Every structure is written in C-alpha cells, then in structure tokens.
Amino acid sequence: MQISENSNPHYLRIGGDEKIRALVHRFYQIMDELPESHGIRKMHPADLKGSEDKLFMFLSGWMGGPQRYVEKFGHPRLRQRHMPFAISDAERDQWMMCMKQAMDEVIDDAALRKELEAAFYKVADFMRNQE
Ligand code: HEM
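Residues numbered from 1 in each chain as written. Predicted model: local features only at pLDDT ≥ 70, side-chain atom pairs only at ≥ 80, totals over all residues.

Notes on the overall build of the chain
Thought 1: When helices and strands are counted, the chain shows eight helices and zero strands.
Thought 2: The secondary structure elements of the chain, listed N-terminal to C-terminal, are α-α-α-α-α-α-α-α.
Thought 3: Taking 2.2 N^0.38 as the reference for a compact globule, 131 residues should give roughly 14 Å; the C-alpha atoms of the chain span a radius of gyration of 15 Å, in line with that estimate.
Thought 4: For the C-alpha atoms alone, the extent of the chain along its principal axes is close to 50 × 30 × 30 Å.
Thought 5: Burial analysis of the chain (131 residues in total) assigns 18% to the buried set.
Thought 6: Long-range contacts, defined here as pairs at least 24 residues apart, represent 73% of the contacts in the chain between residues at least 6 apart. (Helix = DSSP H or I, 4+ residues; strand = E, 2+ residues; numbered from the N terminus. Rg over C-alpha atoms; globule rule 2.2 N^0.38 Å. Buried ≥ 20, exposed ≤ 12 C-beta atoms within 10 Å, placed from the backbone. Contact = placed C-beta atoms within 7 Å.)

Given below as structure tokens:
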C-alpha cells in the first residue's frame, strides 16, 4: 500500500532536526526583536539559548520525532510549567504572532504551516491562566 505524504509525522514533513532548529531560532529572534512581543519577551531570561534548546527538544517529540524533552526532563506538564507567567489572550496572541512569522519564513509547505498553526494555537490557548 502506498503511504501518502500526509501520513508522515510533522517531524518528517517539516524536514527534521535542522528545520525545527531553524524554526525555534527564528521564533525567539522575532520575539526578541518585535516591539509587539515585548510583553512575553520580558518573561524570558536575558539569554534565550536555554529557552531555545528546551523548545527544540519539546517540538522534536511533539511533531512525532525523537522524544528528547521527555527523555531529559520527564512529562512536559506544560500548563503547570507556565503557571509562573501571567498568560491571557494578549500573551497567547503575541506567542502565536512570533510563531506564525517564523513559520512563514522557515516552512515552504503552506498546508503544513496551516496544520501546525492550528495545532500550536490549541496548545497556546490551553496555556492561558488569566482572564
Ligand atoms: C501562550 C503563550 C506562551 C507564553 C507567554 C510562554 C512563555 C514561556 C516562558 C516565559 C517560558 C520559560 C522560558 C525559560 O525558562 O527559558 C516558557 C517555557 C516553555 N514553553 Fe512556553 N509560552 C507560551 C506558549 C507555549 C507553547 C504554545 C508551547 C508549545 C507548543 C510552549 C512550550 C514551552 C516549553 C517546552 C518550555 C520549557 C519548559 C521548561 O522545561 O522549563 N510554550 N514559555
């Protein structure tokens, strides 16, 4: 039976480690540069390298590739890990804006961008812990 391209996990469709690295790198660069995302940028450490590594490890597994984050840190418990930060609609939208822009620059496949945007939105929306 022929396996359609769309049955491949996002990890393979995006282009594996190299592309996820590029996406995460650009994501934090954009967050660092855009005045519109200053609100969430200032929640992060001055040096974004650690945040970048953790998001890379998480996304690797989340997209269906190696479960690096889980192997190193255990269950992500993402909502709990975000509790120290006040996240409302505004912060969710800032995060999504940075991720959308990074995806536009790094991912060529428009269908994949759309699928990932919907999937990211679900997680980002779930992180809200403030009215
Ligand atoms: C909704 C808006 C969001 C805000 C404001 C936010 C903010 C933050 C902040 C401030 C940190 C700590 C960074 C550090 O310690 O270096 C963090 C960590 C993290 N975030 Fe988010 N985040 C959001 C959404 C998301 C989403 C949608 C995902 C996944 C798709 C995600 C995945 C992670 C991961 C994996 C970590 C590292 C957790 C750890 O082990 O400490 N975040 N986030």
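Concerning the site of the ligand
Thought 1: Lining the immediate surroundings of the ligand are 23 residues, of which Met43, Ser51, Lys54, Phe58 and Trp95 lie closest.
Thought 2: Looking at the shell around the ligand element by element, the count peaks at five residues for helix α4 (residues 49–62).
Thought 3: Considered class by class, the residues forming the shell around the ligand number 15 nonpolar, four polar and four charged. (Near = placed C-beta within 6 Å. Nonpolar A, V, L, I, M, F, W, Y, C, P; charged D, E, K, R; others polar.)

Details of the nonpolar core
Thought 1: Formed by 19 residues in total, the largest nonpolar core has its most connected members in Phe27 and Leu59.
Thought 2: At the level of secondary structure, the elements contributing two or more residues to this core comprise α2 (16–33), α4 and α7 (89–106).
Thought 3: If sequence neighbours within four positions are ignored, Leu59 has contacts with Ile20 and Val24. (Core = buried A, V, L, I, M, F, W, Y, C linked by C-beta atoms within 7 Å.)

A look at α4
Thought 1: Over its 14 residues, α4 extends 20 Å from the first C-alpha to the last, a length consistent with the 20 Å expected when each residue adds 1.5 Å.
Thought 2: Three or more residues of α4 are buried, namely Leu55, Met57, Phe58, Leu59, Ser60 and Trp62.
Thought 3: A positive phi of about 100° marks Gly64, the residue just after α4. (Expected span 1.5 Å × (residues − 1).)

Some details on the environment of Glu52
Thought 1: Here Glu52 is to be found in helix α4.
Thought 2: For Glu52 and Gly74, which are 22 residues apart along the polypeptide, the C-alpha to C-alpha distance reads 18 Å.
Thought 3: Those residues in contact with Glu52 that lie beyond four places of it in its chain are Val24, His25 and Tyr28.

So, unusual backbone geometry
Thought 1: Phi angles above zero are rare outside glycine, and Arg77 is one such case at about 40°.
Thought 2: Among the structural elements, Arg77 can be located in the loop between α5 (68–73) and α6 (78–81).
Thought 3: Exposure remark for Arg77: the 10 C-beta atoms within 10 Å place this residue in the exposed category.

Considerations on the environment of His10
Thought 1: By secondary structure assignment, the location of His10 is in helix α1 (residues 10–14).
Thought 2: Taking the C-alpha atoms as reference, His10 lies 9.0 Å from Glu115; in sequence the two are 105 residues apart.
Thought 3: With sequence-adjacent residues up to four places away left out, His10 is seen in contact with Met63, Gly64 and Leu116.

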